[in-house]
Amino acid sequence: MSVIPCLVDRWSEENNNIILTWKQNERGLEPNQHVRKRCWSESLKLLQKIRGIPAATERLELEMTVSYNTFLFSLNFCNASEIEESLTNSLSRALEACGSQVSCSDPVQLWEAVLQTLGSSVYVPCVHKLLLIQWMLWLMQCQSERVLTLLMQTNHKREHSAPVNLQTETRNLALSTEEDSSLKVAMAAKDLKDLLHICTVMCEGVEQMKMERYSEALEAFQEAQGLPSPRSLLGQIHTLTGQSFAKLGQPHCALHFYRKAVEVDGACLSALYQSALVFRQLGNPKAEIEALHLLYSAVQLQSDKSSSIASLVSPAVLFGGAQMTFISRVPSPSRILHTLAHTCVFNGSISDGVEYYLDLLASLQSDGKDLILTGDGTSFPRIPVVYLEAGFALLKAKRYCDALVVCEEVITSTLDFIPERLLLDADEKLKGADSDVVLENVDLVLWAGAAHLLQAQAHWKLKDTKEAITNFTRAINQLVKVFIKQKDWKQKHFGNTEAMIERMVTVEAAKGQALAGRGLCFLEGGQLKEALRDLNLSLQMTPGCKNTEMWLTEVLWRLDRREEASAHWREVHSTEDAPKKLPLYLQLWPDDTAFDLSDLKKKMEGYIQAK
Amino acid sequence: MDAVRCSVEYLSEFSDCQSHSVRVIQDGVNLLLTRGDREVLIFNVLERRVTTVMLFEASMIHLALSDDKHRLYALCANGGLYCTPLPPQLSSSSVQVNKSPDSVLFTVPDDSIVLKNASLQAFTIAEKILVTLSLHKSVWSFDLYEEPGSRPLHKLACFQVVTLNTCCLNLTDKEKSVSSPPVLTCIYPEGPTSVSTDLHPHLEPHLFRLLFGVDASLVNSPVILCGLPDGRICCFTLLVPTLAGPTGEQRSPVRVLQSLEQPVVFIGTCVSGEHGPQCLVAVGQRGKLLIVRSKQASLEGKKADYSFNEHSVRGPVLCACVDDKRLYYSSLSDLHALQLTTTSSSEATETESQLQTLTSDSLGVCRVVALAGPYTNPTGSVQLLAVSLSGRLLRVNLPQGSEKGNVPRLPSSLAGQKVKDLLASIANIWERAESLKHKLQKKNDSLKHLNQVIHVYSLLLDNHGNEKACNMGTKHPISCCGVARWSSLLQRDSLTLTCVLENSSGCTLEHGWTLCIQVHPLSKGPNMEGSSRTYSFPFMKLDSGQKLDVTVPLESTGRLSLPVKVYCSLVFSLSALFSPEASSPGVSQLLTETGSISAPLSTLTVDWLDALRLDGSFSHGNIRHDTVTDGIQAFLRSRGVLTKDSDTTTKSAPITVMVRVSSELLKTKLHLSATSSGERCMSVLNWLVSPEARGQMSVQSPVVCVYSPDGCSVKLLVKEVTLGDFCSDGPLEVLEIRVESSSVAAVCGLHHAILRRLQVLLRDSAVKCGHTKQLKAQSLFEAVRHVEVDLIPISLSVYYTFTLISVDLHVTDSFAYITCNNIIFFFFYCQSLYKELQDAQNQAALGGTMKTNKNSEILFRIFLQLRANPLVIL
């Protein structure tokens, strides 16, 4: 009998030594993962030793504490079910030590038995430690129902008639967390309890958000804000609050919380991203670009430093994988960069946009490639589109040669896919994969055509009219390959998909631009008849294009058809450019006209007044 | 056919392998090898020894090196993916650090597990991304992890593919996948900027773009191809997996390229062109070969496309690898090299080119389960490293010529010749096979035949053994009996023996049996040396129930010497078992030496009685007088010796010989039913003259006049007399058989024949005649003594020499035999007389004076005396 106390002492010492090692490591600047692993294996060995002899009350406290430590260490190395199994084993042994029969392995019933047997004994602190572990495990598995049941069992002594609610239960939870100084623990029970509390509340909120019950979610997050929490967690809570506000239609409130989040935690990327989204929604491109730029720099900084898990129990571990992605979802660096570049170019800050596009292309082409991923379920645009956008940006930035090179890439890569003729039957109902194939083909033709178009424009800008005409012609030849059987597809909706209509409109616009461009070239070269033909055709394709109308007026004027010219002139001024949803690379630009329109304006106004 | 000759070197030998999880990776001079057990062996090819053994916790499933070849990733059967740095001497292979001959054992620790997932099936590493494939609840999921990363690995992405609900997959997901694990291959587009890693195959940009899309091509991203056990080949772009679909939504990055409908064993690229390998090759387990080639855009502006060509090679394919022009694959029985070509430009020759692709050469290496390479060594030859099922590490050196790829296509004329040659050799082989079959058939037949022969033989031997036991009772299954007949041919009468062989057994006497009849004269005359003759009658077939009649002459060298013994036997010649050309010289020698087996059938005796003629139908002129007497007379006359007196004696009066037999004995022996004495006499006469063969009673009186073979008339008569003083208990009824003829030879011959017949009749019934008649011992004794005293000193007359008979001696104590013994004594004395006579003749020949006259006188007297006191047979 004298051996047993001696053993207890020795094991306690062993446990304390392990914890001491861990604490030293934790305090160090660079927490070492290997230390953690060693601690885990050592405490696991100790636990196995303790379990080697029959359970007894005098060793119960020691055994439970060592179990608690082991479970905490094992979080990174084992999955939840393994830990749970071991936990059940611990509970059974505790019951055995007290002499009660263990009848079932269902954790809920087991806990009931344990709480009944040991609920009023001196072992309560230890039991509650293990209870925290159970709570943690269920939280990791998003089993909030079972957490609620467990907490209710713990609280059952207290009288309450309020409706059962996890939040209130958590709030009212009274656990005895006093520590025994002779037996050290890896993480104080109180700290763990606080962490679990806040995570549970957040979890609730996220679940509400997923069910689109934003006001309820807001309540949960507001409660969470009141709880003591680490900085990063608080930043996330603020972000989630902001998201809820954004969803509730209060973008300014949302922006406020996002700002708070960034103030609390500078590395809260999701707040930056979300604010960028809000700025776009608010139509504030400048702010959006700024937010995106910040986000991009932050992402790059973060990817540089290795993310190591310093603390024993991190919120990332507590939230299951899906929850965590929801909470801190940020697109991949490439996606952010593209969004940034696109926004820049779209909103006229060409030089920045070009730089970003070139960065993006470089990251795509470099040997140390990054995996282009979109964590949030959005998808990356097709690579040829990115190239065309880059080409467009370069064109606008007057880097014509670069634009030519980038567009050439698109042309060579799409060359093999261009069909001889692509006849679309609007009546035909295509499903799923077939429709995708057709759309893909249309896209390929469109990309090739657009690439030629951009090249022609670059040549035009380089004053190489001949080459420009060649490329315009090529663009036209490519684009006319797409052909729709029904003439009146624009008016009637044949039950075709939106995507198809959109594609067709885009193709028509590209055709119109190509024809207009060639017409302009002819006009400049003095081939007025050809110019007239092309411009007329262009207008047929895309009616209401102001520039084209004006060029047509010029041609007519030069052909001495002044009546017609004046009619067109009037028409141009009466109509407004219809806003069209066109891709960035087909966007019209005010400075597209190569020659001075003021001359024409003077002429026309003179003529009309003279009449 | 000219197989591609290759030399095979045995580098090392290990224990047996698990065929599905043998992996070989070559890294410079080192070879990483696993045989599906817990070990990874690092084998130094130059030193030909295992330098390091890495011991893992569980048996190995898959093995791969990281991009920089500094780390080894190993997937084990316990679901753990281990990452362990390679030993330092390996990474710096040029520096020979480890010089000790012993290999280093390195136990891979537990904490080198980077991933643990029991459903992991395969993995690969490319672009610092670890791609794993796991099967969980009939969903294949591709997981992408950062490599080298923190532990646990940081998961980058996950895509899923649902398994096909084919029955085989439904049954046992686990089992199925173990037998044919999925194949993950990473394919890079070949390009000026692309880093040339020798760990992953490349593909020319054109086909790459066509197959994997614009995006992958623009980004120069490698593509992960996965051959699933259900036969589907899936692919996704590694670096840009999640792209917007046509309608803006996110689409599944994993695309099914094609399905082989059988587990995929290998995916690779082949046929080097200007811009890199031009074909994508996939091989299925059951021999389906998929070759993907690009079709050039034609001038009409038709869209460029790629084509899937499916071929079949002989499965099962265990493993495969490719080089510039060839696909090497191993079925269990052989290692093949398959020449692959690019598609020809025009459509018309496409079929031809497809045929060309299928010229597969056997390399003659069997049981290869894993391949690495091919590698071109400094001397320019191509080498494959192979591991055989029995655990041998082989280095297969491929011939130089094939490496250059100038294996010329045969011109059509030569091809025709080649086809002819091939056909001829096929015919040769067919012939050989046919002849072997024939030989085998013959041997079987011979054995069957021999078996039958032995059966027949044992049947005959049984006959022979039981001859005495069942003498007359049952008929033998195979029997031979003979009858002597007179026949007239060319105005000459001759005595012939007709033998009938009857097969009443169940089996057929086949070809090879011969009926042998040996005619052996019993009497030995001076000119009769070696006078026994053998007639053999081979026959083809004697079915059960059939009879064979043969006739043999009894005369030899123009004279008839009676009695003759005829031995019938069946002989089988062993050489009949073999056809002459089939048997080897040794066998034929053996056969000529001890080439036959023979089985006695029966023994017949033809005596004077058999040769008698009842009718006088032959002309007297035919009668030959060349009897011995005449011959001797002629001889003597030529010597100037007159034998007048003997001559006159023979001519003067008929000579009579008498045999007396107890009538009771005869009655019981011959089963005579007749009661009157006359009938009894006739019956006995009939029995003598015409035994069973001559039918019913041909003799109607107790006296019959017949003709002897030499034409003398002979009178045979039987009468019953009563002897009063012979027996002690009253008078004895005896039958007296009397022979009367003027020819001494006939009388002697007949006397002997009758005695012989009686002897045969009485031989086996001697014991039964137990009713001992009290003979007058005194008189018998006297008779015996008299004979003894009188006969010993004298020489017998010449003609008695013809009656010499070898009779088996049956000496018993019975009385009946004493009388018989008299006869035997008689013959004995005759024999001694014959000897004396011979001596006398020799003397005469030497010109010495002969006292023949006197001798013959004495002899004749004794003979007369003998006749006067005839024997009584009781």
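Residues numbered from 1 in each chain as written. Chains lettered and ligands numbered in written order. Predicted model: local features only at pLDDT ≥ 70, side-chain atom pairs only at ≥ 80, totals over all residues. Heavy atoms only, no water.

Naming follows an unreviewed UniProt entry, where chain B appears as FA core complex associated protein 100 of Cyprinus carpio carpio.

An unreviewed UniProt entry lists chain A under the name FA complementation group G, from Cyprinus carpio carpio.

Undergrad: Which parts of the structure should I look at to understand the overall build of chain B?
TA: What chain B contains, in helices and strands, is 17 helices and 42 strands. Sorting the 874 residues of chain B into buried and exposed places 48% on the buried side. Total accessible area computed for chain B in this model is approximately 42,800 Å², and 55% of it derives from carbon and sulfur atoms. (Helix = DSSP H or I, 4+ residues; strand = E, 2+ residues; numbered from the N terminus. Buried < 20%, exposed > 50% of the residue type's maximum accessible area, 1.4 Å probe, protein only. Areas by Shrake-Rupley, 256 points an atom, 1.4 Å probe, with all protein chains shown as cover.)

Undergrad: Is there a simple way to explain the overall build of chain A in this structure?
TA: When you go through chain A residue by residue, the secondary structure sums to 27 helices and 2 strands. Counting all 611 residues of chain A, 54% fall into the buried class. Restricting the contact set of chain A to residue pairs at least 6 apart, pairs at least 24 apart contribute 67%. Within the structure as shown, chain A displays about 28,000 Å² of accessible surface, and the carbon and sulfur contribution to it stands at 52%. (Contact = heavy atoms within 4.5 Å.)

Undergrad: What's the story with the sheet that holds strand β7 (residues 71-76) of chain B in this structure? I'm lost.
TA: As a general point, the strands of a sheet are linked pairwise by backbone hydrogen bonds and lie either parallel or antiparallel. Residue and element names in this part refer to chain B. Spatially, the 4 strands line up as an open sheet ordered β6-β7-β8-β10, and their pairing is antiparallel. The open sheet terminates on both sides in strands that have one partner only, identified here as β6 (60-65) and β10 (113-116). Pairs of neighbouring strands in the sheet enclose a mean axial angle of 20 degrees, with direction left out of account. Pairing of β7 with strand β8 (residues 80-85) involves 5 bridges; the strand directions are antiparallel. From the neighbouring strand, Leu-72 faces β8, where its bridge partner is Thr-84. (Pairing = 2+ DSSP bridges. Axes fitted to C-alpha atoms, helices over the stretch in contact; angles between N-to-C directions.)

Undergrad: Sorry if this is basic, but what is going on with the pattern of salt bridges here?
TA: A side chain with one charge may pair with a side chain of the opposite charge, provided their charged atoms come close. All names here are of chain A. Here the structure, examined in full by the defined rule, presents 24 salt bridges over all chains. Of the charged contacts in the structure, one is a salt bridge between Glu-508 and Lys-511, with a shortest N-O distance of 3.3 Å. Linking Glu-508 with Lys-511, this pair stays in helix α23 (residues 498-525), spanning 3 residues, or about one helical turn. Glu-508 gets classed as buried once you look at its relative accessible area, which sits at 11%. Residue Lys-511 is classed as buried on the basis of its relative accessible area, which comes to 8%. (Salt bridge = Lys/Arg side-chain N within 4 Å of Asp/Glu carboxyl O.)

Undergrad: Just checking my understanding: could you explain the nonpolar core for this structure?
TA: Soluble, globular proteins show a tendency: their nonpolar side chains are buried together. Residues and elements named next belong to chain A. With 122 residues, the main nonpolar core has Leu-295, Tyr-357, Ile-383, Leu-388, Leu-424 and Tyr-585 as its most contacted residues. Ranked by the residues each element gives to this core, the list is headed by helix α21 (residues 432-461), at 15 residues. Among the nonpolar cores identified, the runner-up in size contains 82 residues, and Val-66, Leu-75, Leu-87 and Leu-130 belong to it. (Core = buried A, V, L, I, M, F, W, Y, C linked by side-chain atoms within 4.5 Å.)

Undergrad: How do you make sense of the confidence of the model for chain B when you look at a structure like this?
TA: Do not read the predicted coordinates in detail wherever pLDDT is low. Residues and elements named next belong to chain B. Per-residue pLDDT for chain B has a mean of 69; in total, 62% of the residues score no lower than 70. Contacts from residues 402-407, a stretch scored under 50 in pLDDT, to residues over four places away or in other chains number 7 contacts. For this predicted complex, the interface confidence reaches an ipTM of 0.76, while the overall pTM sits at 0.62. (pLDDT = per-residue confidence, 0-100.)

Undergrad: How should the packing of helix α25 (residues 546-558) of chain A against helix α26 (residues 562-574) of chain A be read in this particular structure?
TA: Each pair of packed helices gets described by two things: the angle between the helix axes and the distance between those axes. Residues and elements named next belong to chain A. The contact between α25 and α26 brings their axes to 8 Å, and the two run at 165 degrees. With respect to α26, the axis of α25 lies roughly antiparallel. Here α25 runs over α26; the crossing is left-handed. Side by side, α25 and α26 meet where Lys-546, Glu-549, Met-550, Leu-552, Thr-553, Leu-556 and Trp-557 of the first sit next to Arg-562, Glu-564, Ala-565, His-568, Trp-569, Glu-571 and Val-572 of the second. Residue classes in the contact of α25 with α26 are distributed as 7 nonpolar, 2 polar and 5 charged. (Parallel < 35°, antiparallel > 145°, perpendicular 65-115°, else oblique. Left-handed = near helix turned anticlockwise from the far one by under 90°. Nonpolar A, V, L, I, M, F, W, Y, C, P; charged D, E, K, R; others polar.)

Undergrad: Help me out: how do you make sense of the environment of Phe106(B) in this one?
TA: All names here are of chain B. Examined against the element boundaries, Phe-106 turns out to sit in strand β9 (residues 104-107). The exposure class assigned to Phe-106 is partly exposed, which follows from its relative accessible area of 30%. Residues Phe-106 and Pro-87, 19 residues apart in the sequence, show an inter-C-alpha distance of 8.9 Å. Beyond its immediate chain neighbours, meaning those up to four positions away, Phe-106 contacts Thr-52, Val-53, Met-54, Leu-55 and Thr-84.

Undergrad: I'm lost on α26(A) in this one. Help?
TA: Every α-helix winds through 3.6 residues per turn, so residues three or four apart in the chain are directed the same way. Residue and element names in this part refer to chain A. With 13 residues, α26 extends 18 Å between its outermost C-alpha atoms, agreeing within 8% with the 18 Å of an ideal straight helix rising 1.5 Å per residue. Buried within α26 are the following residues: Ala-565, Ser-566, His-568, Trp-569 and Val-572. Each buried residue of α26 lies within a common arc of 160 degrees when the element is viewed along its axis, so the set occupies one face. (Expected span 1.5 Å × (residues − 1). Arc of directions from axis to C-beta.)

Undergrad: Looking at this model, I keep getting lost on the sheet that holds strand β32 (residues 492-503) of chain B. Mind explaining?
TA: Residue and element names in this part refer to chain B. Taken together, 3 strands build an open sheet; the order of strands is β31-β32-β35 and the sheet is antiparallel. On the outer flanks of this sheet lie β31 (478-489) and β35 (547-553), each paired with one strand and no other. Direction aside, neighbouring strands of the sheet carry axes that sit 25 degrees apart on average. Examined bridge by bridge, β32 and β35 share 7 bridges and lie antiparallel to one another. Bridging across to β35, Thr-496 finds its partner in Pro-553.

Undergrad: Please clarify how helix α13 (residues 677-689) of chain B should be interpreted in this entry.
TA: Residue and element names in this part refer to chain B. Taking 1.5 Å of rise per residue, the 13 residues of α13 would be expected to cover 18 Å, and the 18 Å separating its terminal C-alpha atoms lies within 8% of that figure. The element α13 is largely enclosed, with a buried count of 10 among its 13 residues. Residues of α13 that are buried: Arg-680, Cys-681, Met-682, Ser-683, Val-684, Leu-685, Asn-686, Trp-687, Leu-688 and Val-689.

Undergrad: Which parts of the structure should I look at to understand unusual backbone geometry?
TA: Keep in mind that most residues, glycine aside, have a negative phi and that most peptide bonds are trans. One non-glycine residue, Asp560(A), lies in positive phi territory at about 70 degrees. For Asp560(A), the location among the structural elements is in the loop between α25 and α26. A positive phi angle, close to 50 degrees, is found at Lys137(B), a residue other than glycine. Along the chain, the position of Lys137(B) falls in the loop between β12 (129-136) and β13 (139-146). The class of Lys137(B) is exposed, set by a relative accessible area of 69%.

Undergrad: Would you explain the environment of Pro285(A) in this entry?
TA: Residues and elements named next belong to chain A. Examined against the element boundaries, Pro-285 turns out to sit in helix α14 (residues 285-304). Overall, Pro-285 belongs to the partly exposed group, its relative accessible area being 29%. Put simply, Pro-285 and Cys-344 are 59 residues apart on the chain and 8.1 Å apart in space, counted from C-alpha to C-alpha.

Undergrad: Quick question: what am I supposed to make of a nonpolar patch on the surface here?
TA: All names here are of chain B. The grouping of Val-419, Leu-423 and Ile-426 at the surface amounts to a nonpolar patch, some 290 Å² of accessible area in total. The residue Leu-423 is located in helix α7 (residues 412-465) in this model. By relative accessible area, which is 53% here, Leu-423 ends up exposed. (Patch = residues over 30% accessible without salt bridge, like charges linked within 9 Å, V, L, I, M, F, W, Y side chains within 5 Å.)

Undergrad: Quick question: what am I supposed to make of the state of the cysteines here?
TA: Here, the word disulfide means a covalent bond between the sulfur atoms of two cysteines. Residues and elements named next belong to chain B. With the rule as written, the count across this model stands at 0 disulfides over all chains. Here Cys-235 stays unpaired: no disulfide links it, and the sulfur of Cys-234, its closest cysteine neighbor, is 7.6 Å away. A relative accessible area of 3% means that Cys-235 is categorised as buried. Left unpaired, Cys-516 is separated from the closest cysteine sulfur, that of Cys-568, by 9.7 Å. On the basis of relative accessible area, Cys-516 is assigned to the buried category, the value being 15%. (Disulfide = S-S within 2.5 Å.)

Undergrad: So what exactly am I meant to see when it comes to the packing of aromatic side chains here?
TA: Within a pair of aromatic rings, the relevant descriptors are the distance that separates the centres and the angle that separates the planes. Scanning the model with the defined rule gives 7 aromatic pairs over all chains in all. Here Trp22(A) and Phe73(A) contribute two aromatic rings whose centre-to-centre distance is 5.6 Å and whose plane-to-plane angle is 85 degrees, an arrangement assigned as edge-to-face. You can see Trp22(A) sitting in helix α1 (residues 3-27) and its partner Phe73(A) sitting in helix α3 (residues 60-74), a full 51 residues away along the chain. Note on Phe73(A): relative accessible area 0%, which makes it buried. Taking the centre distance of 5.1 Å and the plane angle of 55 degrees together, the rings of Trp513(B) and Phe572(B) count as tilted. Taken as a pair, Trp513(B) in strand β33 (residues 513-521) and Phe572(B) in strand β36 (residues 564-573) lie far apart in primary sequence, 59 residues in all. Overall, Phe572(B) belongs to the buried group, its relative accessible area being 0%. In this structure, Arg562(A) packs its charged tip against the face of Trp557(A), placed 4.1 Å from the ring centre. (Phe/Tyr/Trp six-rings, centres within 6.5 Å; stacked < 30°, edge-to-face > 60°. Lys NZ or Arg CZ within 6 Å of the ring centre and 35° of its normal.)

Undergrad: What is the right way to look at the side chain of Asn15(A) in this model?
TA: Residue and element names in this part refer to chain A. As for its position among the elements, Asn-15 is in helix α1. A distance of 3.0 Å separates polar atoms of two side chains, one belonging to Asn-15 and the other to Asn-69. Not counting residues up to four positions away in its chain, the partners in contact with Asn-15 are Leu-46, Thr-65, Val-66, Asn-69, Leu-183 and Lys-184. (Polar contact = N/O pair within 3.5 Å; in protein donor to acceptor, adjacent residues only side chain to side chain.)

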